[in-house]
Amino acid sequence: MPKGGKKDKQTGGKAAAGSKAALKPEADGPVDEATRPLKHHPPANPPPTQVNKIKYALPNLRKDKGSRGSSRFRVSDKRELQKLPALKDAAPSEREDLFVQKLRQCCVIFDFLSDPLSDLKWKEIKRAALNELVDYVTHQRGVLTELIYPEAVEMFAKNTFRTLPPPSNPLGAEFDPEEDEPTLEAAWPHLQLVYEFFLRFLESPDFQPNTAKKYIDAKFVLHLLELFDTEDPRERDFLKTTLHRIYGKFLGLRAYIRKQINNIFYSFIYETERHNGVAELLEILGSIINGFALPLKEEHKAFLLRVLIPLHKVKSLSLYHPQLAYCVVQFLEKDSSLTGPVVRGLLKFWPKTHSPKEVMFLNELEEILDVIEPSEFIKVMDPLFRRLARCVSSPHFQVDSLSNRVVFSHCYCVHCFLTGCRESFVLLEQ
């Protein structure tokens, strides 16, 4: 029986807004954990409408528009900065000390929220220093000495690690990217350059993971993962790239990173149903899954069945479904024996009364049929056709047309009909 041909899929997901560096596979590390470039494979026809938002009458607790939802950093007491000489003009013997001075200078935190016009002169000195550090690490070689590592990590931590503000929609109304404006960080003029510097630091050919592992440890990773819940999509984009670089370079942190991401998903599925960074975390996992060696470890199979499949039942599925579907398909390409549990899991969480969500499930099912093995298709044929029979008779025109396309455009379904699987005909006729 011929295997169903691959269909051209549109590239999905959001393009990196803050980071210009593409995610690359890492050469170091074992094969079973090698990272691959992040890819997006969204459904062929994403739902035209988002899940309906729940609207409530809120009390009059509005803040000023400029400060709504932005983080409150711990502003430094001593903010007077003195402009230091340029690194390129310093003598080679003095550059390391000057590099350290500039890093420490960039640890000063300013107030962009309550008084954005304060300390403008010193804010500009810090911004210029950050720009110089980004250029210096990018173009100079041999500048990452052992003395620089703790200073660079400390500067990044002081500028980024903080307590995130309460959500801007506290009663649970879902964010609609077509109608709602994202909450942006007021301190982004400095924050963006801090992320850019740290990425160039991690990507530098001179970067030594054995030296950096004393400072980039499990506690550092945990604080980094907490930031994924920020409402600013620009910061989440930088965080995605940063965490992917750390996963690729620090082999000892890989299991810990996967475990903590699992914990975030467990809390999201079974407790809060609220997290802003699910799509970005799934995008990272899609790259990680590509590098899993065969046969798959039991912990990886458990992650698929206990985390990825239950993620389909959350009401905000539309915000991360393309990345989720890609992760599921990657598992099935690695191990076809998982097809049965995956399809039965999808049927278990199949939406009963929400047509836009049903369209997402049908799109994902179509991707699964593109990679399914003939022997595995036979095992799930009966419950699959029972569900498709209900979809074909749906009053919603998109569900009806998409389910017909799933049935009649895939080799397995057509082959069942041509070889006399009358049960399939009976199910669809009913």
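None of the values given here were measured: they were computed from a predicted structure.

**Section: the nonpolar core**
Here is step 1: F99 and I216 are the most contacted members of the largest nonpolar core, which has 108 residues in total.
Here is step 2: Looking at this core, the element that brings in the most residues is helix α4 (residues 188–203), giving 10 residues.
Here is step 3: Excluding anything up to four places from it in sequence, F99 contacts L87, L133, Y136, V137, V143, L144, I148 and F197.

**Details of the environment of T230**
Here is step 1: Within the element layout of this structure, T230 appears in the loop between α6 (218–226) and α7 (233–249).
Here is step 2: The residues contacting T230, other than those within four sequence positions of it, are R162, L164, E185, E235, R236, L239 and N276.

**Considerations on the packing of aromatic side chains**
Given two aromatic rings, their pairing is described by the distance between the two centres and the angle made by the two planes.
Here is step 1: Counted according to the given criterion, the structure contains 22 aromatic pairs.
Here is step 2: When the centroid spacing of 5.3 Å and the interplanar angle of 65 degrees are considered together, the rings of W350 and F361 count as edge-to-face. Linking W350 in the loop between α12 (339–348) and α13 (355–371) with F361 in helix α13, this pair joins segments that are 11 residues apart in sequence.
Here is step 3: For F361, a relative accessible area of 0% corresponds to the buried category.
Here is step 4: Ring pairs connect the aromatic residues Y149, F156, F161, W188, Y195, F197, F198, F201, F207, F220, F238 and F250, which therefore count as one cluster.

**Structural notes on unusual backbone geometry**
Here is step 1: Of the consecutive residues L294 and P295, the connecting peptide bond is found in the cis state with omega at -5 degrees.
Here is step 2: Tracing the backbone through its elements, the reader meets P295 in the loop between α9 (278–290) and α10 (298–308).
Here is step 3: One non-glycine residue, E273, lies in positive phi territory at about 55 degrees.
Here is step 4: By secondary structure assignment, the location of E273 is in the loop between α8 (254–272) and α9.
Here is step 5: Judged by relative accessible area, E273 falls into the partly exposed class, the value being 31%.

**Let's talk about the side chain of E364**
Here is step 1: Tracing the backbone shows E364 in helix α13.
Here is step 2: Of the side chains bearing the opposite charge, K357 lies closest to the buried E364, which forms no salt bridge; the N-O distance is 10 Å.
Here is step 3: Sequence-distant contacts of E364, that is, excluding residues within four places in its chain, are made with H312, H321, A325, V328 and L346.

**Quick look at the pattern of salt bridges**
Here is step 1: Taken as a whole, this structure holds 20 salt bridges when the rule is applied.
Here is step 2: Put simply, E151 and R104 hold a salt bridge, and the shortest N to O gap is 2.9 Å. Separated by 47 residues along the polypeptide, E151 in helix α3 (residues 148–160) and R104 in helix α1 (residues 95–105) bring together distant segments of the chain.
Here is step 3: Classification of E151 as buried rests on a relative accessible area of 14%.

**Looking at the environment of R344**
Here is step 1: Here R344 lies in helix α12.
Here is step 2: With 40 residues separating them along the chain, R344 and L384 place their C-alpha atoms 8.3 Å apart.

**A short note on helix α15 (residues 397–408)**
Each α-helix winds once per 3.6 residues, and so residues spaced three or four apart point in a common direction.
Here is step 1: Over its 12 residues, α15 runs 17 Å from end to end, which matches the ideal 16 Å to within 8%, given 1.5 Å per residue.
Here is step 2: All buried positions along α15 are accounted for by V399, L402, S403, V406 and V407. For α15, the angular spread of buried residues about the axis comes to 140 degrees, placing them on one side. Turned more than 90 degrees off the buried face of α15, the exposed positions are F397 and F408.

**A short note on the environment of L369**
Here is step 1: Checked against the element boundaries, L369 lands in helix α13.
Here is step 2: Using a relative accessible area of 1% as the deciding quantity, one classes L369 as buried.
Here is step 3: Each C-alpha atom of the pair L369 and V329 lies 9.6 Å from the other, and the pair is 40 residues apart in sequence.

Conventions adopted
Residues numbered from 1 in each chain as written. Predicted model: local features only at pLDDT ≥ 70, side-chain atom pairs only at ≥ 80, totals over all residues. Heavy atoms only, no water. Core = buried A, V, L, I, M, F, W, Y, C linked by side-chain atoms within 4.5 Å. Buried < 20%, exposed > 50% of the residue type's maximum accessible area, 1.4 Å probe, protein only. Helix = DSSP H or I, 4+ residues; strand = E, 2+ residues; numbered from the N terminus. Contact = heavy atoms within 4.5 Å. Phe/Tyr/Trp six-rings, centres within 6.5 Å; stacked < 30°, edge-to-face > 60°. Lys, Arg positive; Asp, Glu negative; His and termini not counted. Salt bridge = Lys/Arg side-chain N within 4 Å of Asp/Glu carboxyl O. Expected span 1.5 Å × (residues − 1). Arc of directions from axis to C-beta.

From the geometry alone we can't say anything about function, so treat these as descriptive.
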